[in-house]
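# A look at the structure
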Amino acid sequence: MGELEDAVMTRVWKWNRPVTVREVLEDLQQERSIAYTTVMTVLDNLHQKGWVRREAEGRAYRYEAVSTRAAYAAALMNDAWSQSDNPAAALVAFFGMMSEEQRQDLRDAVRIVQGPETPEPAQPSEAPEENPGSATEERGR
């Protein structure tokens, strides 16, 4: 995704609702000079690439994200990792670049994916058996 596509998608993801070209344009114009037709073309390209779906509203469209920014980031990481000739080394290098907070986020994510840990089955106790006769004697009293 290019820089302008990312700027447009950032708004679509952040607002988390169907948006118009005009809404995106007005927000982008706070940072840069940009034409309506440029934003319209970018949203059309994102639609063709499958990142947004659109629904006609009068003579215009409303655009909505197909997936989340997290899914996009995951796809980028997966693509980069799958292109490595040594995936294990790539992961080690990637983990080495992470901050402690990011490594904790990674540990949390692994726990979520793996699901709750199942406790080890209880081992039978080595305690001596009770005298079976004593229970009967107790009940008879």
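First, a word on scope: everything that follows refers to the structure included in this document. Worth saying up front: this structure is predicted, and the values here are computed from it rather than measured. (Residues numbered from 1 in each chain as written. Predicted model: local features only at pLDDT ≥ 70, side-chain atom pairs only at ≥ 80, totals over all residues. Heavy atoms only, no water.)

## A word on unusual backbone geometry
Despite not being glycine, N16 shows a phi value in the positive range, around 50°. Its relative accessible area of 67% is what places N16 among the exposed residues. (Buried < 20%, exposed > 50% of the residue type's maximum accessible area, 1.4 Å probe, protein only.)

## Quick look at the nonpolar core
Core analysis: the biggest nonpolar cluster contains 19 residues, and V8, V12, V24, L28, V39, L43 and L46 have the highest contact counts within it. Those elements giving two or more residues to this core turn out to be α1 (3-15), α2 (21-28), α3 (36-48) and β2 (60-65). Here this core takes five residues from α1, the largest share from any one element. Sequence-distant contacts of L43, that is, excluding residues within four places in its chain, are made with V8, V12, V21, V24, V52 and Y63. (Core = buried A, V, L, I, M, F, W, Y, C linked by side-chain atoms within 4.5 Å. Helix = DSSP H or I, 4+ residues; strand = E, 2+ residues; numbered from the N terminus. Contact = heavy atoms within 4.5 Å.)

## Some points on the packing of aromatic side chains
One pass over the full model with this rule turns up four aromatic pairs. Ring geometry for W51 and Y72: centres 4.8 Å apart, planes at 85°, overall edge-to-face. Note that W51 is positioned in the loop between α3 and β1 (52-57) and Y72 in helix α4 (residues 69-82), a separation of 21 residues in sequence. Each member of the aromatic cluster is reached from another via a ring pair, and the members are W13, W51 and Y72. Positioned over the ring face of Y61 is R54, at 4.2 Å from the centre of the ring. (Phe/Tyr/Trp six-rings, centres within 6.5 Å; stacked < 30°, edge-to-face > 60°. Lys NZ or Arg CZ within 6 Å of the ring centre and 35° of its normal.)

## A word on the pairing of β2
Remember that side chains alternate between the two faces of the sheet whenever the strand is regular. Taken together, the six bridges between β1 and β2 define a ladder with antiparallel strand orientation. If you follow V52 over to β2, its bridge partner there is A65. Hairpin geometry of β1 and β2 is characterised by an intervening segment of two residues between the two adjacent antiparallel strands and by a positive phi of about 65° at G58. (Pairing = 2+ DSSP bridges.)

## Quick look at the layout of surface pockets
If a probe as big as a water molecule is rolled over the atoms, it shows which places are left empty. In this structure, the largest pocket encloses a volume near 300 Å³. Forming the boundary of the largest pocket are A74, M77, N78, A80, W81, S84, A90, L91, F94 and F95. Elements supplying a minimum of two residues to the lining of the largest pocket: α4 and α5 (87-97). By residue number, the principal contributor to the lining of the largest pocket is α4, which donates five residues. Partitioned by chemical class, the residues of the lining of the largest pocket number eight nonpolar, two polar and no charged. (1 Å grid on protein atoms, 1.4 Å probe; cavity = no way out; pocket = protein on both sides within 12 Å on 5 of 7 lines; lining within 4 Å. Points joined across faces, edges and corners; volume = space filled by probe spheres on them. Nonpolar A, V, L, I, M, F, W, Y, C, P; charged D, E, K, R; others polar.)

Any link to function would need more than the numbers given here.
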